[in-house]
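# Report on the structure
These are the residues of each chain, in order.
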Amino acid sequence: MGILEKMRLDGKTAFVTGGARGIGKSVAAALCEAGSNVAVVDVDYQEAEKTASELQTLGTGVIAVSCDVTDQDQVNQMVRTIVEHFGSLDVAFCNAGICTNYPAEEMTFEQWKKVIDVNLTGVFLTAQAAGKQMIQQGGGSIIATASMSAHIVNVPQPQCAYNASKAGVRQLVKSLAVEWAQKNVRVNSISPGYIGTDLVLSSPTLIPLIEQWKKVSPMGRIGRPDELQAVVVYLAGEASSFTTGSDFVVDGAFTSI
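To start, this report covers the structure provided alongside it. Since this is a predicted model, take the numbers as computed values, not measurements. (Residues numbered from 1 in each chain as written. Predicted model: local features only at pLDDT ≥ 70, side-chain atom pairs only at ≥ 80, totals over all residues. Heavy atoms only, no water.)

Quick look at the overall build of the protein chain now. Each helix and strand in the protein chain was counted, giving 9 helices and 7 strands. Since a compact globule built from 257 residues should have a radius of gyration of about 18 Å, the 17 Å found for the protein chain is in line with a globular shape. Its C-alpha atoms put the protein chain at 45 × 40 × 35 Å along the principal axes. Of the contacts formed within the protein chain by residues at least 6 apart in sequence, a portion of 72% connects residues at least 24 apart. Within the structure as shown, the protein chain displays about 11,800 Å² of accessible surface, and the carbon and sulfur contribution to it stands at 53%. Computed over 19 positive and 25 negative side-chain charges, the inter-centroid distance for the protein chain is 5 Å. (Helix = DSSP H or I, 4+ residues; strand = E, 2+ residues; numbered from the N terminus. Rg over C-alpha atoms; globule rule 2.2 N^0.38 Å. Contact = heavy atoms within 4.5 Å. Areas by Shrake-Rupley, 256 points an atom, 1.4 Å probe, with all protein chains shown as cover. Lys, Arg positive; Asp, Glu negative; His and termini not counted. Charge placed at Lys NZ, Arg CZ, Asp CG, Glu CD.)

Attention shifts here to the pattern of salt bridges. For the coordinates displayed, the defined rule picks out 9 salt bridges. The residue Asp44 makes a salt bridge to Arg21 at a minimum N-O spacing of 3.3 Å. Taken together, the residues Asp44 in the loop between strand 2 (37-42) and helix 3 (45-55) and Arg21 in the loop between strand 1 (13-17) and helix 2 (22-33) connect sequence positions 23 residues apart. By relative accessible area, Asp44 is classed as partly exposed at 30%. Look at Arg21 and you get partly exposed, because its relative accessible area is 39%. For Glu47, the salt bridge identified is with Arg21, shortest N-O distance 3.9 Å. In this pair, Glu47 sits in helix 3 while Arg21 sits in the loop between strand 1 and helix 2, placing the two residues 26 residues apart along the sequence. (Salt bridge = Lys/Arg side-chain N within 4 Å of Asp/Glu carboxyl O. Buried < 20%, exposed > 50% of the residue type's maximum accessible area, 1.4 Å probe, protein only.)

Let's shift gears to the pairing of strand 6 (residues 185-192). Where burial is concerned, most of strand 6 is hidden: 8 out of the 8 residues are buried. The alternating pattern of strand 6 places Val185, Val187, Ser189 and Ser191 and Arg186, Asn188, Ile190 and Pro192 on opposite faces, both of which are buried. As judged from the 6 bridges shared by strand 5 (residues 140-145) and strand 6, these two strands associate in the parallel manner. Among the inter-strand pairings, Ile143 is bridged to a residue of strand 6, identified as Asn188. Tracing the backbone out of strand 5, into helix 6 (residues 160-180) and back to the parallel element strand 6 gives a crossover that is right-handed. The pairing of strand 6 with strand 7 (residues 247-250) spans 4 bridges and is classified as parallel. (Pairing = 2+ DSSP bridges. Right-handed = clockwise from strand over helix to strand, strands pointing away.)

Direction vectors running N to C along helix 2 and helix 9 (residues 229-236) enclose 50°, while the axes themselves pass 9 Å from each other. One finds that helix 2 runs oblique with respect to helix 9. For the crossing formed where helix 2 meets helix 9, the hand is right-handed. Contacts between helix 2 and helix 9 pair Ser26, Val27, Ala30 and Leu31 from the former with Gln229, Val232, Val233 and Ala236 from the latter. Taken together, the residues of the contact of helix 2 with helix 9 break down into 6 nonpolar, 2 polar and no charged. (Axes fitted to C-alpha atoms, helices over the stretch in contact; angles between N-to-C directions. Parallel < 35°, antiparallel > 145°, perpendicular 65-115°, else oblique. Left-handed = near helix turned anticlockwise from the far one by under 90°. Nonpolar A, V, L, I, M, F, W, Y, C, P; charged D, E, K, R; others polar.)

With that settled, consider the nonpolar core. Ranked by internal contacts, the top residues of the largest apolar core, which has 32 residues, are Phe15, Met78, Ile82 and Ile142. Listing elements by their share of this core, those giving two or more residues are strand 2, strand 3 (62-66), helix 4 (72-86), strand 4 (91-94), helix 5 (109-137), strand 5, helix 6 and strand 6. Discounting chain neighbours no more than four positions away, the residues touching Phe15 are Ala39, Val41, Met78, Val79, Ile82, Leu89, Val91, Ala92, Phe93, Cys94, Thr126 and Ala130. (Core = buried A, V, L, I, M, F, W, Y, C linked by side-chain atoms within 4.5 Å.)

Further remarks concern the sheet that holds strand 4. Strand order across the open sheet formed by 7 strands is 3-2-1-4-5-6-7, with parallel pairing between neighbours. The open sheet terminates on both sides in strands that have one partner only, identified here as strand 3 and strand 7. Averaged over all pairs of adjacent strands, the angle between strand axes in this sheet comes to 20°, irrespective of strand direction. As paired strands, strand 1 and strand 2 are joined by 5 bridges and run parallel to one another. Paired with Thr17 across the bridge in strand 2 is Val41. Packing of helix 2 onto the sheet brings it into contact with strand 1, strand 2, strand 3, strand 4 and strand 6, and relative to strand 1 it is tilted by some 170°. In this fold helix 6 packs onto strand 5, strand 6 and strand 7, with an angle of close to 160° to the strand it touches most, strand 6.

Helix length check: helix 2 (12 residues) gives 17 Å between terminal C-alpha atoms against 16 Å at 1.5 Å per residue, within 8%. Taking burial as the measure, the 12 residues of helix 2 include 9 buried ones, the bulk of the element. Of the positions making up helix 2, those classed as buried are Ile23, Gly24, Ser26, Val27, Ala28, Ala29, Ala30, Leu31 and Cys32. Looking at the residues trailing helix 2, positive phi occurs at Gly35, about 110°. (Expected span 1.5 Å × (residues − 1).)

Everything listed is a geometric property; what it means functionally is a separate question.
Next comes the structure, spelled out in structure tokens:
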């Protein structure tokens, strides 16, 4: 099998949490283009349906699934729905996440807990549910969205909960990779830098920060969602069959300085 064939995902089924918009939507499109069926999973079902409708034009099976990744019952039902519809689950992109900016000394416990619940517990619950199914099937690939914030402390925005949650995702991925290595379930993560999603580019809070980020970045710009597509497609398929427990930092060398 040639390298281009190994990058194909024909006949496979993937889910993308946080798939209705931003990085998730972009990666869902790439998975479809590589030949995979895709479940667009999001807490905002209306937006997920809209995205799924757009992706259906790419020629693979696409469905929308409503799911709060912090609710274990909903997560388990989400996986059952996907398997019942497509017959298998081969790729899980555990991507749903949130970021809030509160000074540590002012942050409430509820504000802290919400970020940890979505970004870390949500990744565990979705990876656990996917892993159980993949172990039954004989294998699969799980990819989680960490962040360059797992490696550095962002400035000037105060986001200790986000940074801690993403560092937790990184260690969780390594742990699951070791536990499931003998079960043919690979677990990896991507760590994006600043990415110009529609939400970021339209946020009154973040727009002033973008120029500061650009001044610090070695490449002098922030990334685009499509610049994360190739690494996820690589991790999803046979081309990365010996790759597990790894983290792929895609940040324009931001963490190198």
